[in-house]
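Structural characterization, general
Residues per chain, in single letters:
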Amino acid sequence: MKIVHISDTHIQDDPIMGSIPADNFRACVEHVLEHCSDADMVVISGDLAHHGTNANYAFLSALLQETDLVSMNPRLMIGNHDDRETFLGAFPQTPVDENGFVQWVEETPRGHFLFLDTNEPGTHAGHYCAKRQAWLRAALDDVVRQNSGAYIFLHHNPMTVHVANADQIGIVQVDAFQDILEDYKSVIRHIFFGHCHFSLSGSVCGIPLSAPRSTSHPNWPDFSGNKDRVGYGGMAQNYNVAFLDARSTVIHSMDFLDERKATWVKTEADGWLSEDNI
């Protein structure tokens, strides 16, 4: 399977940190449609809108139509900048669980895709409460019963990323969340998330994970321990492309505004550059 993973679009009319979210989103979708129109799924993992207002979601809906990303049936998830009720009013077709959280499961040729809701009104920190934890355990129990594998999508980082500003707004119940990951790590193949606005890869509880930057305003990872500042500006916006095979998961980071910098040259039959091109 080929998956396009977009995150942190922050759609609104006004610029953010010198960047225009809608323009970047248009450029991102144009790149996706040109190079990844064969993708099996497009996922936008939260912070769809910057303020979670009716106007923001109306603008996002219009952009999905205008760019024709709607033709790829993108899975829309919510993050800390989103408003659950307002979002569902604008996109009522989005699945919810029995408690009204925007989370659901899809069965695919590669296994079960689990889409989680870590939004909590009134805070930028992630929350995964007891009701949501019970839902996740039940979904993973079903994966085990079916002898399948699971791929998890969520907005907030499920572990410490060692950047103070990001970690103070991670998942509050991170220990309980990681307990679930530990209990089901034998069936969880990969975790996809966003939120931090910088490219991330690694593992948690032995499970590999990845995150793109943002199509809106990428941040710079600051390891100083200072939680009162955020670095931005000059970093390339991106999205990820994941290839999920039976024995491997490969993630490509696509700096879609930078492709124009590439120079394309012809290679020899064995794949190496010819001497004339060096």
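Our subject is the structure that appears above.
To start, this report covers the structure provided alongside it.

Thresholds applied
Residues numbered from 1 in each chain as written. Predicted model: local features only at pLDDT ≥ 70, side-chain atom pairs only at ≥ 80, totals over all residues. Heavy atoms only, no water. Helix = DSSP H or I, 4+ residues; strand = E, 2+ residues; numbered from the N terminus. Rg over C-alpha atoms; globule rule 2.2 N^0.38 Å. Buried < 20%, exposed > 50% of the residue type's maximum accessible area, 1.4 Å probe, protein only. Contact = heavy atoms within 4.5 Å. Areas by Shrake-Rupley, 256 points an atom, 1.4 Å probe, with all protein chains shown as cover. Lys, Arg positive; Asp, Glu negative; His and termini not counted. Charge placed at Lys NZ, Arg CZ, Asp CG, Glu CD. Pairing = 2+ DSSP bridges. Salt bridge = Lys/Arg side-chain N within 4 Å of Asp/Glu carboxyl O. Expected span 1.5 Å × (residues − 1). Arc of directions from axis to C-beta.

**What to know about the overall build of the protein chain**
The number of helices and strands found in the protein chain is six helices and 13 strands. Computed over its C-alpha atoms, the radius of gyration of the protein chain comes to 19 Å, within 12% of the 19 Å expected for a compact globule of 278 residues. In terms of principal-axis extent, the alpha carbons of the protein chain reach across some 65 × 45 × 45 Å. Per-residue burial for the protein chain yields a buried fraction of 52% across its 278 residues. Residue pairs in contact within the protein chain that sit at least 24 positions apart in sequence constitute 66% of those at least 6 positions apart. A total of about 12,900 Å² of accessible surface is found on the protein chain, and carbon and sulfur atoms cover 48% of it. Of the side-chain charges in the protein chain, 18 are positive and 37 negative, and the distance between the mean point of each set is 4 Å.

**Points about the pairing of strand β8 (residues 200-204)**
Here β8 runs beside strand β9 (residues 207-211); their pairing, made up of five bridges, is antiparallel. Of the residues in β9, the one forming a bridge with Ser 201 is Ser 210. As consecutive antiparallel partners, β8 and β9 are separated by two residues, and within that stretch Cys 205 has a phi angle of approximately 55°, a positive value.

**Observations concerning the pattern of salt bridges**
Counting across every chain of the model gives 13 salt bridges. Where Glu 182 meets Lys 185, a salt bridge forms, and the shortest distance between an N and an O atom there is 2.6 Å. Its relative accessible area of 37% is what places Glu 182 among the partly exposed residues. Under the relative-accessibility criterion, Lys 185 is labelled partly exposed at 40%. One salt-bridge network, in which partners are shared between bridges, spans Arg 84, Asp 117, Glu 120 and Arg 132.

**Quick notes on helix α4 (residues 130-145)**
For α4, with 16 residues, the first-to-last C-alpha span of 22 Å sits near the 22 Å given by 1.5 Å per residue. Every buried residue belonging to α4 is among Arg 132, Gln 133, Trp 135, Leu 136, Ala 139, Leu 140 and Val 143, and all of these are buried. Viewed end-on, α4 has its buried residues packed into an arc of 160°, placing them on one side of the element. With respect to the buried face of α4, the exposed residues turned more than 90 degrees away are Ala 130, Lys 131 and Arg 145. Lining the buried residues of α4 we find α3 (84-90), β4 (104-108), β5 (111-115), β6 (150-153), α6 (174-183) and β7 (188-192).

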